[in-house]
Amino acid sequence: MIITPSNTDESAKFIEDFLKSPETFNDESCQKYCSDGNYEVVSFKKETND
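Rules used throughout
Once a new chain begins, its residue numbering starts again from 1 and follows that chain's sequence as written. Restriction of local features to residues with pLDDT of at least 70 applies here, the model being predicted, together with a cutoff of 80 or more for giving and counting side-chain atom pairs; totals for whole chains, interfaces and linings are based on all residues. To obtain the side-chain values, all non-hydrogen atoms of the structure were included, while hydrogens and water were left out. Put simply, DSSP marks the helices as runs of H or I at least four residues long and the strands as runs of E at least two long, and each gets a number from the N terminus on. Put simply, a patch holds well-exposed residues, over 30% relative accessible area, that have no salt bridge, with like charges counted together within 9 Å and Val, Leu, Ile, Met, Phe, Trp or Tyr side chains within 5 Å. Each accessible area value is a Shrake-Rupley result obtained with a 1.4 Å probe; residue values ignore everything except the protein chains displayed when judging cover. We define a salt bridge as a contact between a side-chain nitrogen of Lys or Arg and a carboxyl oxygen of Asp or Glu at a distance within 4 Å. Think of it in three bands: with a 1.4 Å probe and only protein chains considered, a residue is buried below 20% of the maximum accessible area for its type, exposed above 50%, and partly exposed in between. To pair, rings of Phe, Tyr and Trp, with the six-membered ring standing in for Trp, must have centres within 6.5 Å; the planes then decide the type, stacked if under 30 degrees apart, edge-to-face if over 60, and tilted in the middle.

**Considering the environment of Leu 19**
Point 1. Within the fold, Leu 19 resides in helix α1 (residues 8-20).
Point 2. Sequence separation of Leu 19 and Tyr 33 is 14 residues, and the distance between their C-alpha atoms is 14 Å.

Written out as C-alpha cells, the structure reads:
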C-alpha cells in the first residue's frame, strides 16, 4: 500500500517512479508529484517473474 496523488496522471507518474526504486520513497514522497493536495491510498501487487 502506498499514498499517491488522487489525480490519475500524477498517480501514474508517481507509481512508475516508485516501482523503479521503491526503497528511496517514503510516505511524504508523493507530495512532489501532487498539484492539488488530494491523495489516496493505493494497494497493488508487485508482479514477480517466477
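More follows now that the structure is in view.
**Examining a nonpolar patch on the surface**
Point 1. On the surface, Met 1, Ile 3, Tyr 39 and Val 41 cluster together into a nonpolar patch covering about 410 Å² of accessible area.
Point 2. Looking at the secondary structure, you find Val 41 in strand β2 (residues 39-42).
Point 3. When its relative accessible area of 54% is taken as the criterion, Val 41 is described as exposed.

**Quick look at the packing of aromatic side chains**
For any pair of aromatic rings, the description consists of the separation of the ring centres together with the inter-plane angle of the planes.
Point 1. Enumeration over the complete set of coordinates arrives at 5 aromatic pairs.
Point 2. Residues Phe 14 and Phe 18 carry aromatic rings whose centres are separated by 6.2 Å and whose planes lie at 25 degrees to one another, so their mutual orientation is stacked. Placement of both Phe 14 and Phe 18 in helix α1 is noted, with a separation of 4 residues, approximately one turn of the helix. This pair shows no difference in class: Phe 14 is buried, exactly as Phe 18 is.
Point 3. Measuring from centroid to centroid gives 5.1 Å for Phe 14 and Tyr 33, while their planes differ by 80 degrees, and the two rings are edge-to-face. Pair noted here: Phe 14 is in helix α1 and Tyr 33 is in the loop between α1 and β2, with a separation of 19 residues, a long-range link. Note on accessibility: Phe 14 and Tyr 33 belong to one class, buried.

**Considering the pattern of salt bridges**
Point 1. One pass over the structure, following the stated rule, counts 3 salt bridges.
Point 2. A salt bridge links Glu 16 to Lys 20; its shortest N-O distance comes to 3.7 Å. Of this pair, Glu 16 and Lys 20 both sit in helix α1, 4 residues apart, which is roughly one turn of that helix.
Point 3. Its relative accessible area of 43% is what places Glu 16 among the partly exposed residues.
Point 4. Residue Lys 20 is classed as exposed on the basis of its relative accessible area of 63%.
Point 5. Of the charged contacts in the structure, one is a salt bridge between Asp 17 and Lys 20, with a shortest N-O distance of 3.9 Å.

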